[in-house]
Amino acid sequence: MAKRKKKQLKLDEVGYWSEVKLDIVRDYAKAYSTIFSAPAQRKFHHVYIDSFAGAGIHISKTTGEVIEGSPLIAVSTDPPFKEYHLIDSDITRVDSLQRMFGNRRDVRIHHGDCNEIMLSDVLPHVRYKDFRRGLCLLDPYGLHLRWDVIRAIGQEPTIDMFLNFPIADMNRNVFWRNPEGVAQDDIERMTAFWGDDSWREVTYQTVPTLFGPEDEKAADNDAIANAFQERLRKVAGFKNVPDPMPMRNSKGAIVYYLFFASPKPVAQHIVSHIFDKYRNRGAT
Ligand SMILES: C[S@@+](CC[C@H](N)C(=O)[O-])C[C@H]1O[C@@H](n2cnc3c(N)ncnc32)[C@H](O)[C@@H]1O
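In what follows, the accompanying structure is described.

About the thresholds
Residues numbered from 1 in each chain as written. Predicted model: local features only at pLDDT ≥ 70, side-chain atom pairs only at ≥ 80, totals over all residues. Heavy atoms only, no water. Near = heavy atom within 4 Å. Polar contact = N/O pair within 3.5 Å; in protein donor to acceptor, adjacent residues only side chain to side chain. Areas by Shrake-Rupley, 256 points an atom, 1.4 Å probe, with all protein chains shown as cover. 1 Å grid on protein atoms, 1.4 Å probe; cavity = no way out; pocket = protein on both sides within 12 Å on 5 of 7 lines; lining within 4 Å. Sits in = over half its atoms within 2 Å of the grid points. Nonpolar A, V, L, I, M, F, W, Y, C, P; charged D, E, K, R; others polar. Salt bridge = Lys/Arg side-chain N within 4 Å of Asp/Glu carboxyl O. Helix = DSSP H or I, 4+ residues; strand = E, 2+ residues; numbered from the N terminus. Buried < 20%, exposed > 50% of the residue type's maximum accessible area, 1.4 Å probe, protein only.

Take the site of the ligand next. For the ligand, the set of nearby residues contains 19 residues, the closest of which are H58, S70, D88, R93 and D139. The contact in question runs from a nitrogen atom of the ligand to an N or O atom on the side chain of D113, over 2.9 Å. About the coverage of the ligand: the protein hides 90% of its 610 Å² of free accessible area. Comparing atom positions with the cavity grids shows the ligand to sit within the largest pocket. A class-by-class count of the residues in the shell around the ligand yields 5 nonpolar, 7 polar and 7 charged.

Written out as structure tokens, the structure reads:
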């Protein structure tokens, strides 16, 4: 019988905007873990959750060198978190994480769809009443995250969240000038991410044409991101959601928005400082 070839690990080559994101996560993880490691906060058990964890390392497009990915940055945070949850759906990346952290009792590595694993296995262990607190990174390539996960995080006031809002995937596959040609599964991915189909009202306006009224794209990237910021506050229930940071490529185009949301005003304050520190880095 022919042997099935083992899938090889392929590292991502990341642009400098990803390196900016990693520096933001590094700075905030340190600030967060420092606060929860203080003697006055001893009753808390603070955890780090990386829902789209990746391989743990990447190749920098800028230098060609291997750089730390978010799981490695988080696990190296000093002072450390009490517990880490790293999730990825790609087995070669899970294996890579196992090689890095398999001997650490404080690191749990999960293989599978983070939408399921977050709801069934991770979030139920980060409850307010149990003095659990957490920092969570939701960093999909595109529209792979479901709103019910975002909402579940917002409903329990225990977690600070960074969220990659994948506007490039939305523009490429969903927000066409004329929405008639958009594939049904892309519409479904968009609705699953947004939580309902109110994204259509934000994005499109009905205009009269010779052939009757038609929908046309009316909103720009910032208007769509602002509407999502409102949803995080009003529908998901996050009390503090600063303006997101637009992450741009070398041509100035927005690749994604990095959102932050938290139950605590002080967290918003810290992150706004960190966003300001990195806002113009790499911009040409
Ligand atoms: C942008 S990369 C993560 C990069 C990482 N956060 C970092 O900064 O180092 C996205 C990862 O999500 C994984 N992924 C895609 N869909 C997923 C899903 N539904 N559940 C869990 N992981 C998923 C991919 O295999 C990939 O490794």
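That was the structure; now back to the text.
The next point concerns the pattern of salt bridges. By the definition in use, this model includes 20 salt bridges. Two residues, D186 and R189, come together in a salt bridge whose shortest N-O distance is 2.9 Å. Here R189 and D186 lie together in helix α7 (residues 184-194), a separation of 3 residues that amounts to about one turn. The partner of E230 in a salt bridge is K234, and the shortest N-O contact between them spans 2.8 Å. Note that E230 and K234 are positioned in helix α9 (residues 221-236) at a spacing of 4 residues, about one turn of the helix. The class for K234 is exposed, based on a relative accessible area of 66%.

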